[in-house]
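Remarks on the overall topology
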Amino acid sequence: MNLDFQQFIPSLPYILKGIGVTLQIVSLAGILGFVLGIVLSFFKISRFKFLGWIADAYTSVFRGTPLVLQLMLIYYGSPQLIGYKIDPSTAAVLSFGLNSAAYISEIIRAGILAVDKGQSEAAMALGVPYRPAMMDIILPQAMKNILPALMNEFITLTKESAIVTVIGVTDVMRRAYIVGGEKFSYFEPILIAGLIYYIMVMILTLLGKGIERRMRRSD
Amino acid sequence: MIKVENLHKSFGKLEVLKGISTSIKDGEVVAIIGPSGSGKSTFLRCINLLEAPTDGRILINGQDITDKSTNIMKVRQNVGMVFQHFHLFPHKTVLQNLTYAPVKVNGISKQEAEKIGLELLEKVGLSAKAHEYPNRLSGGQKQRVAIARALAMQPDVMLFDEPTSALDPEMVKEVLEVMKALAHTGMTMAIVTHEMGFAREVADRVLFLDGGVLVEDAAPKEFFSNPASDRARDFLQKML
């Protein structure tokens, strides 16, 4: 095996620039997925069966089809759906956000249901209305329990974001691929991309552990 | 003043309360006893509508709380409840447990709520634990905090749902002492309990429930020394 990283050193800044692109897509999609996930999870535990039905159907569709297909549907379908072509990174944020909302809503729903029923009863008995009881009493406890699962989802999102390559977003993966094409050698740049993804995931993991420690103060 | 008229409660096909009528006067301490499954807890939980009655009426200070137009949240602010398993908020400190609802619901300032909270903690003997999290407390301490939390809303009535049943025996007394002191302040109290000694000593009246029916309603002396029904006699023989 002859590896020659030397020749890729000039291209390194170009590949590293992709980190910003990846992070931007992942963080925006993460926020979209989290907010929409909370809304969907409220639908799922709602008294109104119709809302639950909508959220279940949503989850079923987004979990039941490949992410890369959703990405391509949104990107290539946009001219027919809304009349003009959206740019690739918008399509990426939308598809990743909508997709992870499906998973996150399931995580949060399970987290809310796992909080002892006595907690909401205690809040009710004190005359606390549903919304503040949910926001101040139930959700904080649910969040603590689901943090590892939520972190897992964000890690998956970071790694899976590499598929934006197929619609031409110049993220880390795409840039590594382009550099490989220029030098007729793909192995080294893709190894470099792999290392970059691994480091990003490690940082996320540490971040998650830090937050978890903070939240476990009351134990 | 609480007035209960012909209260029925069913869970599906299971009828738990079969028409209970009674009243609790202001300042009265009522012990509710009976075998498990007799509907004691359900009866208590109906009084602050944690369970919605299937039929009948409940009036608190003349207001029909089973009426659709009644604001349940307003009613609950005046009716404190203490649970068997405490249900303290684990992610809040002891003091935050006491101040959360008064600030959020009654809209009093944080300083005012903390002042009231600290006074109450002193009354239940837990001033030193104000800034601890509930997980650091013993069962008896947790229940005393739960009582203080309910009192922080300055309710007119306090409901106790088997407040000592989940406690180790050596911690029962400290909780009963707090309840006894509260009774002496003239608080209206309804207590579901298996502590017969406490019921005899502190209660003004004993309600004996069996099979969803109010079988006896008597002064403790009378009830414990000379129960009118066979069912009560059976029950007491097993308990004492």
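About the thresholds
Residues numbered from 1 in each chain as written. Chains lettered and ligands numbered in written order. Predicted model: local features only at pLDDT ≥ 70, side-chain atom pairs only at ≥ 80, totals over all residues. Heavy atoms only, no water. Contact = heavy atoms within 4.5 Å. Buried area = accessible area lost by both parts, 1.4 Å probe. Salt bridge = Lys/Arg side-chain N within 4 Å of Asp/Glu carboxyl O. Polar contact = N/O pair within 3.5 Å; in protein donor to acceptor, adjacent residues only side chain to side chain. Helix = DSSP H or I, 4+ residues; strand = E, 2+ residues; numbered from the N terminus. Nonpolar A, V, L, I, M, F, W, Y, C, P; charged D, E, K, R; others polar. Buried < 20%, exposed > 50% of the residue type's maximum accessible area, 1.4 Å probe, protein only. Pairing = 2+ DSSP bridges. 1 Å grid on protein atoms, 1.4 Å probe; cavity = no way out; pocket = protein on both sides within 12 Å on 5 of 7 lines; lining within 4 Å. Points joined across faces, edges and corners; volume = space filled by probe spheres on them. UniProt positions renumbered as here; feature names shortened; annotations may be inferred.

**A closer look at the interface of chain B and chain A**
Contact with chain B, which involves 24 residues of that partner, is made by 21 residues of chain A. Summed over both partners, the interface of chain B with chain A buries about 1900 Å², with 64% contributed by carbon and sulfur atoms. Between the two partners, chain B and chain A, sit 2 salt bridges. With a closest N to O distance of 2.6 Å, Arg-45 of chain B and Glu-121 of chain A form a salt bridge. Connecting chain B to chain A are 6 residue pairs in polar contact (both at pLDDT 80 or more). Secondary structure elements with two or more residues in the side of chain B that touches chain A: α2 (72–77), β6 (79–82), α3 (94–106) and α5 (139–151) of chain B. Element by element, the count of residues in the side of chain B that touches chain A is highest for α3 of chain B, at 4 residues. The residue inventory of the side of chain B that touches chain A, partitioned by class, reads 14 nonpolar, 5 polar and 5 charged.

**What about the pairing of β6 of chain B?**
Residue and element names in this part refer to chain B. Burial of β6 is two-sided: the residues Val-79 and Met-81 facing one way and the residues Gly-80 and Val-82 facing the other way are all buried. The sheet contact formed by β6 and strand β7 (residues 157–161) spans 4 bridges and is parallel. Following the sheet pairing, Met-81 is matched in β7 by Leu-159.

**A look at the layout of surface pockets**
Residue and element names in this part refer to chain A. For the largest pocket, the calculated volume is near 1100 Å³. Around the largest pocket sit 27 residues that line it, and Ile-45, Arg-47, Met-124, Tyr-130 and Met-134 are the ones nearest its centre. Only α1 (12–44), α4 (88–114), α5 (117–125) and α6 (130–160) provide two or more residues apiece to the lining of the largest pocket. With 6 residues, α6 is the single largest residue contributor to the lining of the largest pocket. Grouping the constituent residues of the lining of the largest pocket by class yields 19 nonpolar, 2 polar and 6 charged.

**Description of the pattern of salt bridges**
Tallied over the entire structure, the rule returns 18 salt bridges over all chains. Here Glu-201 of chain B makes a salt bridge to Lys-180 of chain B, at a shortest N to O gap of 2.9 Å. Residue Glu-201 of chain B is found in helix α7 (residues 196–202), and its partner Lys-180 of chain B is found in helix α6 (residues 169–184); the two are separated by 21 residues along the sequence. Here Arg-205 of chain B and Asp-217 of chain B are joined by a salt bridge, their closest N and O atoms 3.0 Å apart. Taken together, the residues Arg-205 of chain B in strand β9 (residues 205–210) and Asp-217 of chain B in strand β10 (residues 213–218) connect sequence positions 12 residues apart. Accessibility expressed as a relative area gives 13% for Arg-205 of chain B, which makes it buried. Accessibility expressed as a relative area gives 40% for Asp-217 of chain B, which makes it partly exposed. Sharing partners across several salt bridges, the network here consists of Lys-117 and Glu-121 of chain A together with Arg-45 and Glu-51 of chain B.

**Observations regarding the UniProt feature "transmembrane region" (unreviewed entry) in chain A**
Under the local residue numbering, the UniProt record ascribes the feature "transmembrane region" (unreviewed entry) to residues 20–43, 50–76 and 190–208 of chain A. Between the C-alpha atoms that bound residues 50–76 of chain A the distance is 31 Å, and the span itself is 93% helix and 0% strand.

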